[in-house]
Amino acid sequence: HQVYKTDDFIRYPFTSNRKRMSTVISNAHGKDAYNKRLLIKGASELITKCCTYYLNEEGKNAILKTAALIVDSFIKAYAQKALRTIALAYRDLEPNQYGEKHDEPRNSEVKDVEKSGLTLIAILGIYDVIRTEVPDAVATCQKAGVTVRMVTGDNIITAQAQHALLDLVRDVRDDLHGAAEVVAAALARNHGRVDAPRGDIGGLGEVDVNEALVVPQ
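Thresholds applied
Residues numbered from 1 in each chain as written. Predicted model: local features only at pLDDT ≥ 70, side-chain atom pairs only at ≥ 80, totals over all residues. Heavy atoms only, no water. Phe/Tyr/Trp six-rings, centres within 6.5 Å; stacked < 30°, edge-to-face > 60°. Lys NZ or Arg CZ within 6 Å of the ring centre and 35° of its normal. Buried < 20%, exposed > 50% of the residue type's maximum accessible area, 1.4 Å probe, protein only. Helix = DSSP H or I, 4+ residues; strand = E, 2+ residues; numbered from the N terminus. Pairing = 2+ DSSP bridges. Axes fitted to C-alpha atoms, helices over the stretch in contact; angles between N-to-C directions. Expected span 1.5 Å × (residues − 1). Arc of directions from axis to C-beta. Core = buried A, V, L, I, M, F, W, Y, C linked by side-chain atoms within 4.5 Å. Contact = heavy atoms within 4.5 Å. pLDDT = per-residue confidence, 0-100.

## Describing the packing of aromatic side chains
So, point 1. What the rule picks out here adds up to zero aromatic pairs.
So, point 2. Residue placement shows Arg37 over the ring face of Tyr90; its charged tip is 4.2 Å from the ring centre.

## A closer look at the pairing of strand S6 (residues 83–92)
So, point 1. Among the 10 residues that make up S6, seven are buried, leaving the element largely enclosed by the rest of the structure.
So, point 2. Sheet topology places S6 next to strand S7 (residues 118–127); eight bridges connect them, and they run antiparallel. The partner of Ile86 across the bridge, within S7, is Leu124.

## Overview of the sheet that holds strand S1 (residues 10–12)
So, point 1. As summarised here, the arrangement of the seven strands in space is S1-S2-S3-S6-S7-S4-S5, forming an open sheet in which the pairing is mixed. The open sheet has two free edges, formed respectively by S1 and strand S5 (61–63), since each of these has just one partner strand. Taking the axes of each pair of neighbouring strands and ignoring which way they run, one obtains an average angle of 30° across the sheet.
So, point 2. Here S1 runs beside strand S2 (residues 20–25); their pairing, made up of three bridges, is antiparallel. If you follow Tyr12 over to S2, its bridge partner there is Ser22.

## Observations concerning helix H2 (residues 68–80)
So, point 1. In this model H2 runs 18 Å from its N-terminal to its C-terminal C-alpha over 13 residues, within 8% of the 18 Å that 1.5 Å per residue would give.
So, point 2. Taken together, the buried positions of H2 are Val71, Ile75 and Ala79. On an axial view of H2, the arc spanned by its buried residues comes to 70°, and they lie on one face. Turned more than 90 degrees away from the buried face of H2 sit Leu69, Ile70 and Gln80, all of them exposed.

## Points about the nonpolar core
So, point 1. Among the nonpolar cores identified, the biggest contains 21 residues, and Leu38, Ile47, Cys51, Leu118 and Leu120 are the most heavily contacted of them.
So, point 2. Ranked by residue count, the leading element in this core is S7, at three residues.
So, point 3. Each residue touching Cys51, except ones within four places of it in the same chain, is listed here: Leu64, Ala89, Leu118, Thr119 and Leu120.

## Structural notes on the confidence of the model for the protein
So, point 1. Per-residue confidence for the protein averages 75 on the pLDDT scale, and 69% of its residues sit at or above 70.
So, point 2. Taking the mean pLDDT of every element in the protein, the minimum, 37, falls on strand S10 (residues 207–208) and the maximum, 95, on strand S4 (residues 51–55).
So, point 3. Contacts from residues 169–217, a stretch scored under 50 in pLDDT, to residues over four places away or in other chains number 83 contacts.

Here it is in structure tokens:
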């Protein structure tokens, strides 16, 4: 079915707090006169919780609950390979559903239309390539007695795998959980950004959590 632009798309952009982005398209499915659909992508552990259905091997909607364990196993398998997992989903809309522009509540970052009734299309695994100079830089710091920690917005399994690739810690789980308390406190105060955090990640300026490689003072 050909999708074409008849008017301005309705978009809800990605932010580090939302961890998802959505677009409402027209001429989406041909099922009714309204013919609009919400397309959404975002962090798999969040998007899958908002899905009621999934597309099965026949391309038909099936109840996600019956395949939830399989979906979770795919997410975990990708994460263990240091892949960032992204979910793709959609929802067909009705006129004035959650407001004329489907943007209620307007004072909320995540809209009601994004929270439930989605159909899961796929889980993607994206690999963020480690820059060639990073492992040597980490090794140099460690030889100098500097403890290096990575702060990331990824889920705990992906973060553990990335830590292992960089050989940052010997006991990945203990180190991550020790740093997590400090980072979580900073995130709670600053709405998803780290600004002068306390404890053993001191000296970190204001950075986006998704990309920070932290060397404590």
